[in-house]
Amino acid sequence: MTSNILLCLNIDHIATLRQVRGGREPSILEAAQIAEEAGADGITVHLREDRRHIQDSDVEQLKPIVKGRLTLEMAATAEMFEIAQKIKPNLLTIVPEKRSELTTEGGLNVINNAEYLKDFLKKIHENGLEASLFIEPDLKTIEIAHQIGAKRIELHTGQYANTLAKTEINKLSKAAEFAHSLGFVVNAGHGLNINNLKPILQIPHLRELHIGHSIIARAVFIGLKQAISELKALI
Ligand code: PXP
């Protein structure tokens with residue numbers, strides 16, 4: 001059975017490989033094109049404050065070539081707002097960001113930053129852009145997100161991915177149900193892969209899944225044989 005859930009491929013780690021050598025390869029534009037040809041419904045990138053993988057020019061160049069949904073993951077800062085306003089991605093996913101983390105480690109603390117996020121969301125909506133808050137599957141957080149004017153959320157699936165616990169799927173399902181009842185569009189992502197995805201598909205009302213690392217990592221192995229054969233044929 002197929003579902004209507006959209007797959008948005010996060011291509012940050014194509015850029016990670018590129019940054020290691022500081023050149024142009026592998027091209028994230030080519031990656032986006034291949035991903036869409038293969039059936040991805042959108043492309044997601046995280047422009048981090050430290051620019052460790054995705055660069056400003058990447059987001060600019062992706063906008064005209066991505067046919068599906070371009071999602072920009074970003075911290076709630078004035079700098080990122082300026083960039084988003086200029087490029088106008090289809091969706092801005094607001095994430096917490098710490099310089100020392102390897103990846104986004106937890107959801108936004110909406111409860112402690114309610115006033116700030118309320119103003120930030122207002123600016124985004126006034127500029128005709130759409131935003132999603134990346135949050136833990138916590139009912140209180142969802143309630144506050146609703147009160148501050150959020151219309152979309154992305155549920156952080158990291159805790160489930162780390163533990164594979166049925167209780168985490170229950171938490172995610174309850175959160176999705178509650179968010180949907182408040183009128184939210186509900187997305188999900190983080191740490192998902194081909195082995196842990198099935199229970200996620202049982203969560204009600206999911207619109208988009210944002211998946212990156214596992215697909216890029218798998219692509220390395222699926223492609224390694226061909227890459228070696230091509231070069232070996234030249235030797
Ligand atoms: N969603 C958000 C908000 C993220 O920050 C990330 C990681 O950049 C993902 C989804 C994708 O996570 P992963 O790379 O583990 O699939």
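Use the structure listed above.
Cut-offs applied
All residue numbers refer to position in the chain's written sequence, counted from 1. Where totals are concerned, whole chains, interfaces and linings use all residues; where local detail is concerned, this predicted model gives features only for residues with pLDDT of at least 70, and gives and counts side-chain atom pairs only at 80 or more. Side-chain metrics in this entry use all non-hydrogen atoms of the structure; hydrogen atoms and water are not considered. Where helices and strands are cited, they refer to DSSP runs of H or I of at least four residues and of E of at least two residues respectively, numbered from the N terminus. Only protein chains enter the accessibility calculation, which uses a 1.4 Å probe; a residue is then buried when its area is under 20% of its type maximum, exposed when over 50%, and partly exposed in between. In what follows, a contact means two residues having at least one pair of non-hydrogen atoms within 4.5 Å. All accessible areas in this document rest on Shrake-Rupley with a 1.4 Å probe, and a residue is counted as covered only by the protein chains that are shown. Charged residues are defined narrowly, with Lys and Arg counted positive, Asp and Glu counted negative, and His plus the chain ends left uncounted. Charge coordinates come from a single atom per side chain, which is NZ of Lys, CZ of Arg, CG of Asp or CD of Glu. Salt bridges are identified by distance alone: a Lys or Arg side-chain nitrogen within 4 Å of an Asp or Glu carboxyl oxygen.

(A) Layout of the overall build of the protein. Counting its regular elements, the protein contains 10 helices and eight strands. For the protein, the C-alpha atoms occupy an extent of roughly 65 × 40 × 35 Å along the three principal directions. Buried positions account for 44% of the 235 residues belonging to the protein. Look at the contacts in the protein between residues 6 or more apart in sequence, and 66% of them connect residues 24 or more apart. Carbon together with sulfur atoms contributes 55% to the accessible area of the protein, which is approximately 12,700 Å² in total. In the protein, 27 positive and 29 negative side-chain charges are present, and the distance between their average locations comes to 3 Å.

(B) Inspection of the pattern of salt bridges at higher detail. Tallying each qualifying case throughout the model produces nine salt bridges. Here Glu208 and Arg69 are joined by a salt bridge, their closest N and O atoms 2.6 Å apart. In this pair, Glu208 sits in strand β8 (residues 206-211) while Arg69 sits in strand β3 (residues 69-74), placing the two residues 139 residues apart along the sequence. Among the residues examined, Glu208 registers a relative accessible area of 1% and is labelled buried. Among the charged side chains, a network of salt bridges with common partners joins Arg51, Asp56 and Glu79.

(C) Quick peek at unusual backbone geometry. Pro26 follows Glu25 through a cis peptide bond whose omega is -10 degrees. Within the element layout of this structure, Pro26 appears in the loop between α1 (12-21) and α2 (28-37). Of note in the backbone geometry, His190 takes a positive phi value of approximately 115 degrees without being a glycine. We note that His205 has phi near 65 degrees; this positive angle belongs to a residue other than glycine. Considering the arrangement of structural elements, one finds His205 in the loop between α9 (197-200) and β8.

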